[in-house]
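Overview (structure and organization)
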Amino acid sequence: MHVLIIDDVHPVLNEGLEKLGFEVVYMPNATRNDLLFHIPGASGLVVRTKTKIDAEVINASNRLKFIARAGAGLDNVDEAAAAAKNIAVFNAGEANADAVGEHTLAMMLNLFTRLNKADEEVRSGKWDREGNRGEELSGKTVGIIGFGNTGKAVAKKLRGFDVEVLAYDKYLTGYGNGYVKQASMDEIYEKAEVVTFHIPLTEETKGLVNGEYLKKFKKDIWLFNLCRGEILVTEDLVKQLEDKKIRGVGLDVLENEKLNNMNEDEKLWFNYIARSQRTVLSPHVAGWSKESYYKISAVLLEKIKQLNLNGSVS
């Protein structure tokens, strides 16, 4: 059986698959044409985010037993087309949850302490203590939207900060515990001062966080998006930043992450965000730590080991 890997993964996956008897075709720089050429012979496919695994790709093979996403989310895989051919589809969302949790806390603390601004000024010879007076996270109410692997990790890492944590997940129940309260969106709209998003990109969530959504918050908020850029409408985000409804924003993802392929409006919105002293940005790396690089591949290997003869995960 052949496994086609078309993105960069840790060697533990390649080596483990070979020990299981698979022949590994490792093409981390594969183009779509490469994928379409090799997919007919593949029994398994490992992908990250750069390539859409759509119906054309899936239907090009009658041998494919599984599609493994090296990371969290499955928004680049046509799950319906895969299900129609009895192809198992799974990810490694639990493997990078700690990395995203820590990155979320780093962004929060960076904005609250004004650390980026202070660092830049001191390096340039400016010593302005009053202009860099920060705020404390302690005592604030944090709303976590989406309480899967990463939402839970964020909540755990907030335990030592003396904050009230409210979590909302449309598809879960009974997840409140000693350090997080299961809440309705109405309660989060009413109380939250800090809001962080950890939801998948679906037809339901695309563009969910728009102007109307943001205006429902009773308090001015600090907003963080470390899941998928397309859940957040950039134009509306900029308007709310301008109106000070949003006090600060941390983004690891963007609605359009191809910075050299933005239209004129997108460039204007991005430039506003990039130049603001109330923002902190990173290039979609929250879940891509040195540790998660290994853990993602190790988790996928274990899930592939558990595949039964029908191609479903036990």
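Reading the values: the criteria
The residue numbers shown here count from 1 along each chain, following its written sequence. Only residues with pLDDT of at least 70 get local features here, since the model is predicted, and only at 80 or more are side-chain atom pairs given and counted; chain-wide, interface and lining totals rely on the full set of residues. To get the side-chain values, take all heavy atoms of the structure and skip hydrogens and water. Counting from the N terminus, the helices are DSSP H or I runs at least four residues long and the strands are E runs at least two residues long. For the radius of gyration, the atom set is restricted to C-alpha positions; the globular benchmark scales as 2.2 Å times the number of residues to the power 0.38. Buried residues are those whose accessible area, probed at 1.4 Å on protein chains only, stays under 20% of the maximum for their type, while exposed residues exceed 50% and partly exposed ones sit between those limits. Any pair of residues with heavy atoms lying within 4.5 Å of one another is described as a contacting pair. Using the Shrake-Rupley algorithm and a 1.4 Å probe, accessible areas are obtained, with residue cover drawn only from the displayed protein chains. By the convention used here, strands pair only if DSSP detects at least 2 bridges between them. Axes here refer to lines fitted to C-alpha atoms; in helices the fit is confined to the stretch in contact. Angles between the N-to-C directions go from 0 to 180 degrees. Multiplying 1.5 Å by the residue count of a helix minus one yields the expected span of that helix. The handedness of a crossover follows from its direction of travel: if, with the strands pointing away from the viewer, the path from the first strand over the helix to the second runs clockwise, the crossover is right-handed.

Within the protein, the secondary structure is distributed over 12 helices and 12 strands. Relative to the 2.2 N^0.38 estimate, which gives 20 Å for 314 residues, the radius of gyration of the protein is 21 Å and therefore close to what a compact globule would have. Each of the 314 residues in the protein was classed as buried or not, and the buried ones make up 48%. In the protein, once contacts between residues fewer than 6 apart in sequence are set aside, the share between residues at least 24 apart is 61%. Carbon together with sulfur atoms contributes 48% to the accessible area of the protein, which is approximately 15900 Å² in total.

In this section: the sheet that holds strand S9 (residues 194-197). Judged by pairing direction, the sheet is parallel, and its seven strands sit side by side in the order S8-S7-S6-S9-S10-S11-S12 without closing on themselves. What marks the edges here is a single partner per strand, and that holds for strand S8 (181-182) and strand S12 (279-281). In the packing of helix H10 (residues 234-242) onto the sheet, contacts are made with strand S11 (246-251) and S12, and the angle to S11 comes to roughly 140 degrees.

On to helix H12 (residues 290-305). Residues that lie three or four places apart on an α-helix share one face, since the helix turns once every 3.6 residues. Helix length check: H12 (16 residues) gives 24 Å between terminal C-alpha atoms against 22 Å at 1.5 Å per residue, within 8%. Three or more residues of H12 are buried, namely Ser292, Ile296, Ser297, Ala298, Val299, Leu300, Leu301, Lys303 and Ile304.

This part is about the sheet that holds strand S4 (residues 66-69). Strand order in this open sheet of five strands is S2-S1-S3-S4-S5, and the pairing throughout is parallel. A strand with exactly one partner marks an edge of an open sheet, and here the two such strands are strand S2 (23-26) and strand S5 (88-91). Neighbour to neighbour, the strand axes of the sheet diverge by 15 degrees on average, direction disregarded. Strand direction decides the pairing type here: S4 and S5, joined by four bridges, are parallel. In the strand pairing of S5, Phe66 is matched with Ala88. Contacts between H12 and the sheet are confined to strand S3 (44-47), S4 and S5, with S5 contributing the most and set at about 155 degrees to the helix.

Before going further, it helps to examine the pairing of S11. For S11, the buried fraction is high: five of the six residues fall into the buried class. Strand direction decides the pairing type here: strand S10 (residues 221-225) and S11, joined by five bridges, are parallel. Paired with Phe224 across the two strands is Gly250, which belongs to S11. With H10 bridging S10 and its parallel neighbour S11, the resulting β-α-β unit is right-handed. Summarising the sheet, S11 and S12 pair through three bridges and their orientation is parallel. Bridge pairing in S12 links Gly250 to Val280. In this region the chain leaves S11, passes through helix H11 (residues 264-275) and returns to the parallel neighbour S12; the handedness of that crossover is right-handed.

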